[in-house]
Every structure is written in C-alpha cells, then in structure tokens.
Amino acid sequence: MERLFQISTPVGLVAKLDRAYRMPSGLLVLVELKTRWINQPFLSDVIQLSAQRMAVMGQTGQVVASYGYVMVKAPTGRAFPIAHRVQLMTDEEIVALIKKREDILAGRLMPRRLHSRNACLTCVFRAQCDHPRA
Ligand code: SF4
C-alpha cells in the first residue's frame with residue numbers, strides 16, 4: 001500500500017512507496033506502478049525505487065532487495081500490467097545524484113544536455129531552455 005518513508009541522514013529524503021512485498025525470507029521487494037504507452041522501465045523509475053529503498057531501510061532498518069519491479073500498464077481499461085525487473089542504484093549513487101542536483105541548482109555545475117529527443121518534446125522547461133533537442 002502507498003506509504004511515506006523519510007530519512008534525514010546521510011541526506012534528507014522523503015519517498016512514497018507504491019507497493020512492497022515481503023518474501024518468505026523476510027526480504028522486502030519494492031514495486032513501482034506506472035501507466036504509460038511505452039512498455040519499458042525508465043531510469044527515473046530506477047531512481048525512484050532506489051530512493052524508496054534507501055528511505056525504507058533508513059527508517060525501519062529492514063532489509064530491502066537490491067532489485068525491484070516496475071509494473072507498466074498501458075492507459076486502457078483492458079491492459080494488464082507487465083513486470084520489469086530492474087537493478088537498483090546503491091545508496092552512494094543516490095547520494096551522489098542528490099549532490100549533483102544541488103550543485104546544478106546552485107550554479108556550481110553545468111547540466112549536460114539529454115541524449116533523448118523525446119524527453120525534450122514533453123519537457124516542462126522547454127520554453128526556458130537554450131538547447132532543446134527537438
Ligand atoms: S528541453 Fe532543455 S531542459 Fe528540457 S529535457 Fe530538453 S535539453 Fe533538457
């Protein structure tokens with residue numbers, strides 16, 4: 001069920017879980033539900049699940065699997081969700097990502113342009129962007 005988890009060290013992080021399943025061994029496996037036409041997991045899904053893992057382990061001390069599942073369902077009534085197993089990022093990689101974001105927002109680091117044209121097509125910052133790719 002959906003629930004918020006929160007940690008303050010090594011970084012401040014609040015993450016909302018879609019679902020978690022407990023294996024017979026006690027290991028928790030995280031699941032993220034997505035409704036979209038493209039039937040594949042995105043890097044943003046992996047980042048979300050990895051941040052959730054970090055927050056759950058930090059708040060509860062429970063062991064969460066280093067992998068998770070992205071369940072992708074097409075936005076039609078009859079579609080069934082399809083499960084994609086993904087390898088999650090480590091806590092160190094998540095902390096580095098958060099630091100990088102802070103550095104970009106503070107102007108200490110220049111962001112690189114995305115490789116994907118599709119991301120630019122739907123980007124909310126497109127109007128202000130100097131280098132949209134599409
Ligand atoms: S429009 Fe600009 S800010 Fe948005 S994804 Fe493309 S390059 Fe990045």
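Thresholds, definitions, all that
Throughout this document, residue positions are counted from 1 along each chain, in the order its sequence is written. Since the coordinates come from a predicted model, pLDDT governs what is reported: local features require at least 70, and pairs of side-chain atoms require 80 or more to be given and counted, while whole-chain, interface and lining totals use all residues. Side-chain measures were taken over the full set of non-hydrogen atoms in the model, leaving aside hydrogen atoms and water. What counts as a helix is a DSSP run of H or I of at least four residues, what counts as a strand is a run of E of at least two, and both are numbered from the N terminus. Should any heavy atoms of two residues lie within 4.5 Å, those residues are counted as being in contact. Residues are classed as near a molecule or strand on a simple rule: at least one heavy atom within 4 Å of it. Under this grouping Gly is polar, as are all residues other than the nonpolar Ala, Val, Leu, Ile, Met, Phe, Trp, Tyr, Cys and Pro and the charged Asp, Glu, Lys and Arg. Each salt bridge in this description consists of a side-chain nitrogen of Lys or Arg and a carboxyl oxygen of Asp or Glu lying within 4 Å of one another. Relative accessible area decides the class of each residue, using a 1.4 Å probe on protein chains only: under 20% of the type maximum gives buried, over 50% gives exposed, and in between gives partly exposed.

### So, the overall build of the protein
Reasoning step 1: From N to C terminus, the protein includes 3 helices and 6 strands.
Reasoning step 2: The linear arrangement of helices and strands in the protein, starting from the amino end, is β-β-β-β-α-β-β-α-α.
Reasoning step 3: When the backbone C-alpha atoms are referred to their principal axes, the protein occupies close to 50 × 45 × 20 Å.
Reasoning step 4: The contacts in the protein between residues at least 6 apart in sequence include a share of 48% that link residues at least 24 apart.

### Regarding the site of the ligand
Reasoning step 1: Around the ligand, a shell composed of Leu-114, Cys-120, Cys-123, Arg-126, Cys-129, His-131 and Pro-132 is seen.
Reasoning step 2: By residue class, the composition of the shell around the ligand is 5 nonpolar, 1 polar and 1 charged.

### Examining the pattern of salt bridges
Reasoning step 1: Evaluation of the coordinates by the stated rule reveals 3 salt bridges.
Reasoning step 2: When the shortest N-O distance is used, the salt bridge between Asp-45 and Arg-36 registers 3.1 Å. Both residues of the pair, Asp-45 and Arg-36, count as buried.
Reasoning step 3: Close ionic contact of Asp-103 with Arg-108 constitutes a salt bridge, the shortest N to O distance being 2.8 Å.

### Some details on the environment of Leu-43
Reasoning step 1: Tracing the backbone shows Leu-43 in helix H1 (residues 43-60).
Reasoning step 2: The exposed category is assigned to Leu-43, whose relative accessible area is 59%.
Reasoning step 3: Sequence-wise, Leu-43 and Ala-96 are 53 residues apart; in three dimensions their C-alpha atoms are separated by 15 Å.

Geometry only, nothing functional implied.
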